[in-house]
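Analysis of the macromolecular model
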Amino acid sequence: MSTFLQSFLDPKKNFLARMHMNTVSTRLRRYGLRYDDLFDQYEAMDIKEALNRLPREVVDARNQRLKRAMDLSMKHEYLPEDLQAKQTPFRGYLKEMLALVERERKEREALGALPLYQRTFP
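So, a few notes on the structure that sits alongside this text. These numbers come from a predicted model, not from an experiment.

Within the largest apolar cluster, 9 residues are counted, these being I47, A50, L51, L54, V59, Y93, L94, L98 and V101. Elements with a contribution of two residues or more to this core: α3 (45-53) and α6 (95-111). Take this core: its biggest share by element is 3 residues, from α3.

Okay, structure coming up:
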């Protein structure tokens, strides 16, 4: 990315990026979610593979956060204020593993090897 684009998207340098980040943070805190919870495992096979490689406790915590968020959404409620204050919406757990999976997939494609996984439709 160009330096201009990086500075434009950096919340430390751009007021609009900072305002957007604060808005996303507020909305994620209301339901007790993290930003990495928003990645859909059915959208891309890389995400599914990265989730499979994570420790079981991390995946269970993710599923619990998603269930709680759906429950709160169906009830038209938010987390209590004291729990919202404890949430860490931008503490990532998936990005590093996802980057590793994508790097491995690109390396396999460059070498001409068969894909690690293939999408199948029932």
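Now, onward.
Attention now moves to the packing of aromatic side chains. Inspection of every chain in the model, using the stated rule, returns 3 aromatic pairs. Centroid distance Y31 to Y78: 5.5 Å. Interplanar angle 75°. Geometry classified as edge-to-face. Within this pair, whereas Y31 is found in helix α2 (residues 15-31), its partner Y78 is found in the loop between α4 (56-74) and α5 (81-86), the two being separated by 47 residues in sequence. Take Y31: its relative accessible area is 23%, and that puts it in the partly exposed class. In textbook terms, an aromatic cluster arises when at least three aromatic residues are bridged by ring pairs, as seen for Y35, F39 and F90.

The rules behind the values
Residues numbered from 1 in each chain as written. Predicted model: local features only at pLDDT ≥ 70, side-chain atom pairs only at ≥ 80, totals over all residues. Heavy atoms only, no water. Core = buried A, V, L, I, M, F, W, Y, C linked by side-chain atoms within 4.5 Å. Buried < 20%, exposed > 50% of the residue type's maximum accessible area, 1.4 Å probe, protein only. Helix = DSSP H or I, 4+ residues; strand = E, 2+ residues; numbered from the N terminus. Phe/Tyr/Trp six-rings, centres within 6.5 Å; stacked < 30°, edge-to-face > 60°.

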